[in-house]
Amino acid sequence: MNVTKISGVYQADGGVLGELRYVVGKLRGSAHCALCDITHGLTGKKAAFSRCEKSLGVPVELVHLNERSPALRQFTEGKTPCVVGHGGSGLVMLLDAHALNGLTGSVVQFEAALREALASASADGSG
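Report follows, based on the coordinates. (Residues numbered from 1 in each chain as written. Predicted model: local features only at pLDDT ≥ 70, side-chain atom pairs only at ≥ 80, totals over all residues. Heavy atoms only, no water.)

A word on the environment of Leu103
The line we're drawing: Every helix listed is a DSSP run of H or I at least four residues long, and every strand listed is a run of E at least two residues long, numbered separately from the N terminus. We call two residues in contact whenever any of their non-hydrogen atoms come within 4.5 Å of each other.
Secondary-structure assignment places Leu103 in the loop between α5 (97-101) and α6 (107-124). Linking Leu103 and Asp13, residues 90 residues apart in sequence, is a C-alpha distance of 22 Å. Every residue in contact with Leu103, bar those within four places of it in the chain, is listed here: Ile38, Gln109, Phe110 and Ala113.

What follows is the structure, given as structure tokens:
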């Protein structure tokens, strides 16, 4: 599949209340999002992640659970956090929650894993 867009889906709702619930949950140890750990640090989006986004050559959107399109919601329900590729033949899972957890917040490891997944999806030839 030729991936023309990438969506990263956080394991949290967006908006002020969603963000607040996540921060409180994280402090209590009851909430975790491996994609959040990769994309954001204490002061906002990591500069390394911004550079990674620009280097991929395809648009990247980062969305919260309550911000997903209907198609993305259906494809990712119960599978977040995750990274999904969009292409001519639909959606493809590039990095699932297990893969993201294994990256331990590293943007460098994330970029390498994502590039490998993109190459695999492209070699698949199904789109």
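There is more to say, and it comes next.
Thoughts on helix α1 (residues 15-28)
Applied cut-off: Expected helix span is taken as 1.5 Å per residue step, with the number of steps being one fewer than the number of residues. Exposure categories follow from relative accessible area, calculated using a 1.4 Å probe and restricted to protein chains: below 20% of the type maximum is buried, above 50% is exposed, and the middle band is partly exposed. The reported arc concerns the directions from the helix axis to the C-beta atoms and nothing else.
When the terminal C-alpha atoms of α1 are compared, their 20 Å separation across 14 residues agrees well with the 20 Å that a helix rising 1.5 Å per residue should span. Among the residues of α1, Gly18, Tyr22 and Gly25 are the ones counted as buried. Down the axis of α1, the sector holding all buried residues measures 70°, keeping them to one side. Away from the buried face of α1 by more than 90 degrees, exposed residues Val16, Leu17, Leu27 and Arg28 are located. In this structure, the buried side of α1 is in contact with α2 (34-39). Following α1 by one or two positions, Gly29 adopts a phi angle in the positive range, close to 85°.

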